[in-house]
Amino acid sequence: MIKNAITLFVLGTASAGLVAQESEATPFYLGFTVGFSQADLRYYQGGKVNGQIYELGYDFTKPENFTGIRIYGRYSRWTGDYSESLDVTQDLISYGAGMEFTFQTPVQNLRPYVGVTFAYWDGKRVSDSNYLGYLQAIYEGVPEAIAKDRVMLAGPHREGNGKLGFRFGVSYIAYKNIGVSLDYNVSQWLNENSETGNVHVSDYPVKGFNRVNPTWIGLTVKYHFSYF
C-alpha cells in the first residue's frame, strides 16, 4: 500500500508538470493527509495502517526564494483495530504545531522540506485487556495464579507533556492552488517514567504499548488560498 502511494505521488507530479502553472502567492493552505502507520504506531493500532490528519498552515515562501519557511497547526487521529497480541483496542489523537524549511529545486513548484513539530498526544485503551492486566500484576509482584485473573480496564494513557517530532518530505504545486506532498513523520510519546502517571506493565519495552514513538508516512492534498 505504501509503495502504491509513493508510485501515485511520483506519477501524479510527473503528469501534473505538463499542466502546472505559476500562480500568484497563496500563503494559506488547508491539508488533508492519509497517514500510513509504521513501527510502534502500527503495533499500537493492532496492525491497522491508516490514520487521518488535518492541517492549516501559512507559507512565507515566495516562488523565487531558494529557502523558505512555513508554519502550521495539525490534528491527527488514529483509530486502532483489536490487537490479538495485547488483547486490547487502542485509539490515539494528537494536536500541535510545527515549523519547517523548504528548498528550491530545478523543477518548478517542487520543494523538499524538513522541520520540527510540537504535539500533545491523547491515547486511550478502548477495551479491557486480560493480557495487559496479567503483565501489570506480574510487574507488581502478584503471584501468577492470581495474576491470571487480573484485567486492565479500558482507560486513558496519560501523558501531559508536549512532545517533539520531526518530518521531512517533498511537496509539489500540481495545478494552480492544488498541491500534493509526501513525507515521513516521527514523534516522541509515552516515554514512560515515574512522573507521567502512565500504567506500568514491565521494565522492558512491550511492543505497541510501552514506549510508543509514533512514526508514519503521510500523503497529503493541499488547497492553497490567499485569505480567509
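Keep in mind that what you see is a predicted model, and the values were worked out from it rather than measured.

> Looking at this structure, how should I read the nonpolar core?
As a rule of thumb, soluble globular proteins bury nonpolar side chains together. If you look at the biggest cluster of nonpolar residues, it comprises eleven residues: L41, Y44, I53, W78, L92, A119, W121, W189, L190, V212 and W216. Secondary-structure elements contributing two or more residues to this core are α2 (39–44) and β5 (110–125). Setting aside chain neighbours within four positions, we find A119 in contact with Y95, G96, N161, G162 and K163. Judged by nonpolar contacts, the second largest core, of eight residues, contains L86, L132, M152 and V201.

> I keep staring at the packing of aromatic side chains and nothing clicks. Help me out?
Aromatic rings in a pair are described by how distant their centres are and how their planes are angled relative to each other. Applying the stated criterion to the full structure yields twelve aromatic pairs. Measuring from centroid to centroid gives 4.8 Å for F28 and Y58, while their planes differ by 75°, and the two rings are edge-to-face. With F28 in strand β1 (residues 28–38) and Y58 in strand β2 (residues 50–59), the pair connects residues that are 30 residues apart, well separated along the chain. Judged by its relative accessible area of 28%, Y58 falls in the partly exposed class. For the ring pair F32 and Y54, a centre distance of 5.3 Å and an interplane angle of 50° mean the geometry is tilted. Of the two residues, F32 is situated in strand β1 and Y54 in strand β2; the sequence distance between them amounts to 22 residues.

Cut-off values and rules
Residues numbered from 1 in each chain as written. Predicted model: local features only at pLDDT ≥ 70, side-chain atom pairs only at ≥ 80, totals over all residues. Heavy atoms only, no water. Core = buried A, V, L, I, M, F, W, Y, C linked by side-chain atoms within 4.5 Å. Buried < 20%, exposed > 50% of the residue type's maximum accessible area, 1.4 Å probe, protein only. Helix = DSSP H or I, 4+ residues; strand = E, 2+ residues; numbered from the N terminus. Contact = heavy atoms within 4.5 Å. Phe/Tyr/Trp six-rings, centres within 6.5 Å; stacked < 30°, edge-to-face > 60°.

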